[in-house]
Amino acid sequence: MLDVLGSLERTHTCGELREANVGDRVVLMGWVAKKRDFGVFTFIDLRDRDGVTQVVLSSEKATEAHGKAKTIRGEFVLAVKGEVVKRDEGAKNAKLSTGAIEVKVEELLVLNDAAVPPFQLEVAGSENLAAEETRLKYRYLDLRRPQLQRNIRMRAKAVKAIREYFDDRGFIEIETPILLKSTPEGARDFVVPSRIHTGKFFALPQSPQILKQITMIAGFDRYYQIARCFRDEDLRADRQPEFTQLDMEMSFANREQVYREMEGMFNHVLKLIDITLPAEWPRMTYAEAMRRYGSDKPDLRFGMELQDLSEVLKGTDFAPFADTLAKGGEIKCVVAKGKGDYSRKHLDELQEFVKRYGAGAMAWIKIGDEITSSLLKVLGEGKITELAAAAGAEKGDAVLIVAGKKSVVAASLGALRNEIARREGLIDRSKYECLIVTEFPMFEHDDETDTYVAAHHPFTSPMDEDLEMFKTAVDDQSQHHLLGQVRAKAYDAVINGYECAGGSIRIHQKDVQALNFKALGMSPESASTQFGFFLNALEYGTPPHGGFAAGIERTCMILCGTENIRDVMAFPKTASAQDLMMDSPGVVDPLQLDELGINVVEG
């Protein structure tokens, strides 16, 4: 028979009591984390969101309560009433904040029982956790784990800190709608059918991009929002179909002003974990980041920059390298310091790794007492020695080489650099290295369709220096290839290899916006259909403006020291975009589909 709480009130949490409370009479409530039965004494670790307190029941002091304790097990919900006492010196638990005391129980209420959990909540080390699918199915149990509790509380603190920062800076929080119009922003929309307007659909926002720009046209000057966003795209460890972002926009702003707000906001938030970043972050252009690191979000906690070997190999007779250079490609490498003892098996694994990023092969040089290389027979010892010197390699090092299109070389070596650093423990986890990457390309070339697509979104402004080239490329079809050289006033904030925020100065003139739509292959009619309301708004005195968006989840991943986005979300989806706890997405009643005018076609 379960007990009734009645008028009993909790006096303290399970993480609150200290030696200063010895002698106090207290009421604690929580879940049974552990129970240890020693006959006349029963010890229970009582847990709530704030921590764990050991409570002890004795057959001599509290016979009825001790009898009840015999019947309980893990995850039962209890209320205990008793006196705080000091533990004996040898019995103190340094692992608990409450480890110097315990509560001698006089009265115990069993408020609810619990089925045996499908997995053990109290485990040491992430490697001992139950399978993630099981934990996601029973997320309400998984969330009882202290680590996840800390993560979710840190997320709440981060959002509070963000609001504090922008409120103090004169920004106005404005909530924008969730039901919007479907517009192309780079990913697939989640669409919502309208019952009232049969055959028409709303779309869930990929971001509040157009609406926040309209708040600038409306004269609000400084806007921010903690916005819920939705993208129907393939998932990765740091992405989810629905996520939260800080969204901000400011009028009459240049790039440096926006950079200062990005820096200030992140610096303010990282104080939550006692990390101090420089007031002004280092800057690096996109072109330099790709040249040096093969990534637009380089992790600066370790070196291993890409080295260009193209010049040394100019004129080579080795056909794969010669063909690469003739086609405008490049040959680059990374140097794995102290890894000249890599086994052939290890090198083969790394070769398979770079192939995932489009590389055809990976050549290697190992420098020991002698130089060995997969290229020795085709290039000769002299050229191999020259390549090792050009790479800056020394005795004991390994040189890992990839040749191909510039984009493939960057992607494969950039990823290989991170993989080696992870495998070999080259990353100092106590360091926090920040960077603002600037001057992104405005367009990307789609090889399949031989067209240019927006590298970011279609409202990003070109660099002032590239505006004339941009106009020429759009108006003169023979110069269309110049779109690939146009730089945008776009920028990203990067911390420890994570893109934490991205933004741009926006196009604020209607003729330039129309030109950009034309560059993306949109006819005036198509642009008007999709963005007519926005083009009209641009006619009414739009100020220069810009801003950025920052991923709340990615920011919290850094704060919490996790590499899995699901660790900082209360109710995440799986990698296949399913909610295992609610078993969604699910089927809808046919009557509801009929009402919406929808017919589901199999396959």
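Residues numbered from 1 in each chain as written. Predicted model: local features only at pLDDT ≥ 70, side-chain atom pairs only at ≥ 80, totals over all residues. Heavy atoms only, no water.

Enquirer: Would you mind going over the nonpolar core in detail, with residue names and values included?
Expert: Grouped together as the largest cluster of nonpolar side chains are 43 residues, with contacts concentrated most on Phe166, Leu246, Met265, Phe266 and Phe548. Every residue in contact with Leu246, bar those within four places of it in the chain, is listed here: Ile162, Phe166, Tyr224, Gln225, Ile226, Met265, Phe548, Ala549, Ala550 and Ile552. Core analysis: the second largest hydrophobic core is formed by 24 residues, Phe302, Met304, Leu350 and Ala421 among them. (Core = buried A, V, L, I, M, F, W, Y, C linked by side-chain atoms within 4.5 Å. Buried < 20%, exposed > 50% of the residue type's maximum accessible area, 1.4 Å probe, protein only. Contact = heavy atoms within 4.5 Å.)

Enquirer: So what's going on with the packing of helix α4 (residues 146–168) against helix α15 (residues 552–560)? Which residues, and what values?
Expert: It is at 10 Å that the axes of α4 and α15 come closest, and there the two elements cross at 120°. With respect to α15, the element α4 is oriented oblique. Relative to α15, the crossing made by α4 is right-handed. Here Asn151, Met154, Arg155, Ala158, Val159 and Ile162 of α4 come into contact with α15, specifically with Ile552, Glu553, Cys556, Leu559 and Cys560. (Axes fitted to C-alpha atoms, helices over the stretch in contact; angles between N-to-C directions. Helix = DSSP H or I, 4+ residues; strand = E, 2+ residues; numbered from the N terminus. Parallel < 35°, antiparallel > 145°, perpendicular 65-115°, else oblique. Left-handed = near helix turned anticlockwise from the far one by under 90°.)

Enquirer: Help me get a handle on the sheet that holds strand β12 (residues 307–308), residues and values and all.
Expert: The sheet built from five strands is open, its strands ordered β12-β13-β16-β14-β15 with antiparallel pairing. Two strands close off the open sheet at either side, each with one partner strand: β12 and β15 (371–373). One ladder, built from three bridges, connects strand β14 (residues 363–367) with β15; its direction is antiparallel. Across the sheet, Ile365 pairs through a bridge with Ser373, a residue of β15. Running over the sheet, helix α10 (residues 376–391) touches β12, β13 (330–336), β14, β15 and β16 (398–404) and is turned about 115° from β15. (Pairing = 2+ DSSP bridges.)

Enquirer: For the sheet that holds strand β1 (residues 25–38), give the residues involved together with the corresponding values.
Expert: Consider a sheet: its strands pair through backbone hydrogen bonds, and that pairing is either parallel or antiparallel. Pairing within the closed barrel is mixed, and its five strands lie in the order β1-β2-β3-β5-β4. Neighbour-to-neighbour, the strand axes of this sheet turn through a mean angle of 55°, independent of strand direction. Where strand β3 (residues 51–58) meets strand β5 (residues 101–112), two bridges bridge the pair, whose relative direction is parallel. The residue of β5 that forms the bridge with Val56 is Lys104.

Enquirer: Hey, could you go over the layout of surface pockets for me, with residue numbers and the actual values?
Expert: The space that makes up the second largest pocket amounts to roughly 1300 Å³. Taken together, 41 residues line the second largest pocket, and the ones lying closest to its centre are Glu122, Arg145, Pro146, Gln147 and Arg150. If you list the elements that add at least two residues to the lining of the second largest pocket, you get β1, β2 (41–48), β3, α2 (132–137) and α4. In terms of residue count, α4 provides more of the lining of the second largest pocket than any other element does, nine residues in total. Tallied by class, residues from the lining of the second largest pocket come to twelve nonpolar, twelve polar and 17 charged. (1 Å grid on protein atoms, 1.4 Å probe; cavity = no way out; pocket = protein on both sides within 12 Å on 5 of 7 lines; lining within 4 Å. Points joined across faces, edges and corners; volume = space filled by probe spheres on them. Nonpolar A, V, L, I, M, F, W, Y, C, P; charged D, E, K, R; others polar.)

Enquirer: I'd like to hear about the packing of α4 against helix α6 (residues 255–270), residue by residue, with values.
Expert: With their axes 9 Å apart at the nearest point, α4 and α6 run at an angle of 135° to one another. Looking at the two axes, α4 sits oblique to α6. You can see that α4 and α6 cross each other, and the crossing is right-handed. Residues Ala158, Ala161, Ile162, Glu164, Tyr165 and Phe166 of α4 form the contact with α6, whose own contacting residues are Arg260, Glu261, Gly264, Met265, His268 and Val269.

Enquirer: Tell me about the environment of Leu108, and please be specific about residues and values.
Expert: Residue position: Leu108 is located in strand β5. Taking the C-alpha atoms as reference points, Leu108 and Glu256, separated by 148 residues in sequence, lie 62 Å from one another. For Leu108, the contacting residues outside a window of four places in its chain are Asp3, Leu57, Ala65, Lys68, Leu78, Ala79 and Val80.

Enquirer: Quick rundown of the pattern of salt bridges? Include the residues and the values.
Expert: Under the criterion given, the structure shown has 52 salt bridges. Here Asp50 ties to Arg49 by a salt bridge, and the two come within 3.9 Å at their closest N and O atoms. For Arg49, a relative accessible area of 55% corresponds to the exposed category. The shortest N-O distance in the salt bridge between Glu256 and Arg283 comes to 2.8 Å. Placement of Glu256 in helix α6 and of Arg283 in strand β11 (residues 283–285) is noted, with a sequence separation of 27 residues between them. Given the relative accessible area of 36%, Glu256 is considered partly exposed. (Salt bridge = Lys/Arg side-chain N within 4 Å of Asp/Glu carboxyl O.)

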